[in-house]
Each structure stands twice: as C-alpha cells, then as structure tokens.
Amino acid sequence: MTSASSARSTGEAAGPAGPRVVAAWNPQQGSDRARRLFAGRFDSTPDGVWAAPGRVNIIGEHTDYNGGLCLPIAIPHRTYVALRARQDDQIRLVSAFGGEVLDWSGSVSGLQPGQTPTWVGYVAGVAWALARQGLPVDGFNAALVSCVPTAAGLSSSAAVECAVGLALDEVNGLGMGDSDAGRHHLVKIAVSTENDFVGARTGDLDQSASLRTQRGHALLLDCLDGSTRQVPFDLAAEDLELLVIDTRATHSHATGGYGQRRATCEAAAVMLGVDTLREVDDLDEALDRLANDEMRRRVRHVVTEIARVEGFVALVEAGRLREVGPTMNASHDSLRDDYEVSCPELDVAVDAARRAGAIGARMTGGGFGGCAIALVDASRRQEVAEAVVEAFSRHGFGAPQLYVVTPSDPAGRVD
Ligand code: GLA
C-alpha cells in the first residue's frame, strides 16, 4: 500500500471543457525526466531506463491474500527509473516524486528492514530481497520519477518496486524479466520487499498487475497458485471508457484496518479448518461455524467476491461487457457493508456515478479512501464526471482528481 502522507503527483492536463482529466506522461517524457534527474546527480550515464505501471483492479478486492481471484489492468501512469550498476556494494538514490527531490546513500550489505525512509525501502528493499534469496546484486546509482498518483490506491509503491526489480534483474544478468515464469518470481521479490522490508503485509495483486499484465487485456490472477489468464478488455470496441475518480481522501486507519481485515480472514480460515478462504465451498455451512457476526460478514465478502470475479470474466469473454454493471455494483456494496473498507467519499463518488448513468461503479484497491472506478459510455463520460464533481462539492469534500485509463503495457525497459 502507498504511504498515506505522501504528496500528490499529477501529470499534464488534457481533455475537453468540463472537469479536468489528468493524462499520464508518455514513455519518452518519463524517460527524459528520469535521465535528466540522473544526469543532475551522478557524473555518468545510466545503463538504461525502465518503467512499471500502477494498476486499477477491475474487480476482486481483498481476495488476493485469501488465495482468491482478482482482475487488474495496468494503467498508463508509470514510474521510471534510470539506473547504472556500480562495481561496489554502494547504493546512491535520488527521487523526485510529486516535485520533492530526495537523496539517499547506503550499501546493499548494510540494508536492514525498517531502518530506511519508506520511499527508500521500496527501492533499496528490492536489492535486499534479491540478496536474501542468494542472488548476486551489485550496488547501483538510480534516479526515480513517477506520474503514478501517490496515496491514491493506484499502487505507486508496487510500480517503484517493479521498475527497480526489472532494472536490477537486467543489470545483474538474472534473466527473470524475459518470461512470465521469471516475472512471477520477480513479483515474489517485490512482494517480499513490501512485506518483509517495508513491513506492509499486502498480497500479490499490485505487483502481478505491474509485471504480468498485457496491453489491451485484464489479468485474471489466481492467487492460490499464481496462474493467470489474459482476458481481452477492449473498452473502445464497445464505446466504453473507464473513469477513475481519485477521491483524494486518505483515512488514518488505512494500514491498521487492512491488517485487521487480513487477520480476521486468517482466523476464520483456521476456524474452518482450511488454508485459505478460497477453499470454502459451502458458504452457508461455513457461516454457521464462525464465531461472530463481524467474522461472518468478512468471510461472506471474500467468498462472494471471488464468485463475482468468475461471473464478470464469463460475461466479458462472452462479449457481454456492457452487462457487467450489476456485478461491479454488488462488489462495491459488499465492500461497503460486509467488509467495511469504503468511506463517505468513495460512497458519494459511486452513488453519483451510478445516478448519472454509469454502467457500473465501485471502489478499487484497499479502500479507506483512494479511488473509485466507473464504467461509462464514452459519450456520457463528461456528464458522469460533472455529476461526481458536483456531488463532492455538495458534500463539502475537496475536488476529486479524474483519470481515464485503458489497459496499458506492463513493466519493461523504455530505452
Ligand atoms: C491493496 C493491497 C493488495 C490488495 C488490495 C485489496 O491494494 O496492496 O494486495 O489486497 O489492497 O484488493
């Protein structure tokens, strides 16, 4: 998860009159920015520039750490890293996230979990996770820039880990970036960075989205065994668009609330005698055996959400993308009522979008703030966006930030 305290970064404005939709940098812009930052800090040129995207999860929320199914896409907003391997063990970093330039120096052998600033953890922690697996990692100089909005629930931290992971993979000749099996291994390295070095116990969703998606597709990810299926997700062919509404709300209990939900699911699995909630076949029978109402509601969300992913994918693969609205809406309602990870800003965004004619709308990501998504007819996008902006103003919330995203490229070398 992203840190709740980070400053927000935005790309350049684009789009017609009405609420502003913020566009991502194109790869050349991102690469140029990373190279400029590198040149200003180090008296050498980088070995290359690598980039990794943030993600939007279309459906399948809080299922990843329960061995369930999820369906993310990569978004065009990416983190760029210009990196050069060193002949020694030293690490020199410079970042410019949200306009704030930060420096850090250390060494691979000196890295210890919890001992670096959080942003450094997402970068240097990758070298730590590689070394921990016995893989040879040299020191490096790196400059990082990003247009993935931070603290918005669009996986800006996973984008950093995955861009750095691919760069270190290539300059150290580890060869993981070239195949899906290798990228699956890199996902595990990035998740270990986040879980074991930074100390956030998240699942595999964000890093898998960044490394294993394909342009034009959503990734059906089975978190039980790491298997995937690429699901064609051609919004334009149906005259549809995916509007992302960043509420800009971050609630202080985000980290604690996430950990509590995960702990409750794990306790429920123990009580039911299964390894993960994925193995629950008979929901009613399972609910009867659980300790209390809160636990029952958490389990009901997870089990029904996994079924919703299956239903959603079946519709998309049958060419019935326009019929997924009720499934998206049911996902949001379950996250709001049973899993209790929504918040007033997300509920207002979803309600306003639905009332203005969205085909379906739901919160996306971990919740407690961050983003909602609305699937809309392209011709109605402005109307839906205006309705959301107006509803925020009526409720006294700050203006939301709006993005339109398409399933974009996974992490890779840019130049
Ligand atoms: C956050 C976590 C993911 C996943 C989602 C909820 O984004 O990083 O691993 O659990 O929340 O689906």
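Keep in mind it's a predicted model, so treat the numbers as computed, not measured.

*Asks:* Honestly, the packing of helix 10 (residues 344–355) against helix 11 (residues 381–394) in this entry has me stumped. Any pointers?
*Replies:* Two packed helices can be described by the angle between their axes and the distance between those axes. For the pair helix 10 and helix 11, interaxial distance at closest approach is 8 Å and the crossing angle is 140°. Relative to helix 11, helix 10 is oriented oblique. Where helix 10 crosses over helix 11, the handedness of that crossing is right-handed. Across the interface between the two elements, Glu-345, Val-348, Ala-349, Ala-352 and Ala-353 from helix 10 touch Val-384, Ala-387, Val-388, Ala-391 and Phe-392 from helix 11. When the residues that make up the contact of helix 10 with helix 11 are grouped by side-chain class, the tally is nine nonpolar, no polar and one charged.

*Asks:* In this structure, what is going on with the packing of aromatic side chains? I would like to understand it.
*Replies:* Each aromatic ring pair is characterised by the separation of its centres together with the angle its planes make. As enumerated under the stated definition, the model contains six aromatic pairs in all. Between the aromatic rings of Phe-392 and Phe-397, the centroid separation amounts to 5.3 Å while the plane-to-plane angle is 80°, which identifies the pairing as edge-to-face. For Phe-392, a relative accessible area of 0% translates into the label buried.

*Asks:* Help me out: how do you make sense of the nonpolar core in this one?
*Replies:* A general trend in soluble globular proteins is that nonpolar side chains are found buried together. One finds Val-56, Leu-71, Phe-233, Leu-242, Leu-277 and Phe-312 to be the most contacted residues of the largest nonpolar core, which totals 79 residues. By residue number, the principal contributor to this core is helix 8 (residues 293–317), which donates 10 residues. When residues no more than four places from it in sequence are discounted, the contact partners of Leu-277 are Asn-66, Cys-265, Ala-268, Ala-269, Leu-272, Val-299, Val-302 and Val-303. Ranked by size, the runner-up nonpolar core spans 40 residues in total, among them Val-81, Trp-119, Trp-128 and Leu-168.

About the thresholds
Residues numbered from 1 in each chain as written. Predicted model: local features only at pLDDT ≥ 70, side-chain atom pairs only at ≥ 80, totals over all residues. Heavy atoms only, no water. Axes fitted to C-alpha atoms, helices over the stretch in contact; angles between N-to-C directions. Helix = DSSP H or I, 4+ residues; strand = E, 2+ residues; numbered from the N terminus. Parallel < 35°, antiparallel > 145°, perpendicular 65-115°, else oblique. Left-handed = near helix turned anticlockwise from the far one by under 90°. Contact = heavy atoms within 4.5 Å. Nonpolar A, V, L, I, M, F, W, Y, C, P; charged D, E, K, R; others polar. Phe/Tyr/Trp six-rings, centres within 6.5 Å; stacked < 30°, edge-to-face > 60°. Buried < 20%, exposed > 50% of the residue type's maximum accessible area, 1.4 Å probe, protein only. Core = buried A, V, L, I, M, F, W, Y, C linked by side-chain atoms within 4.5 Å.

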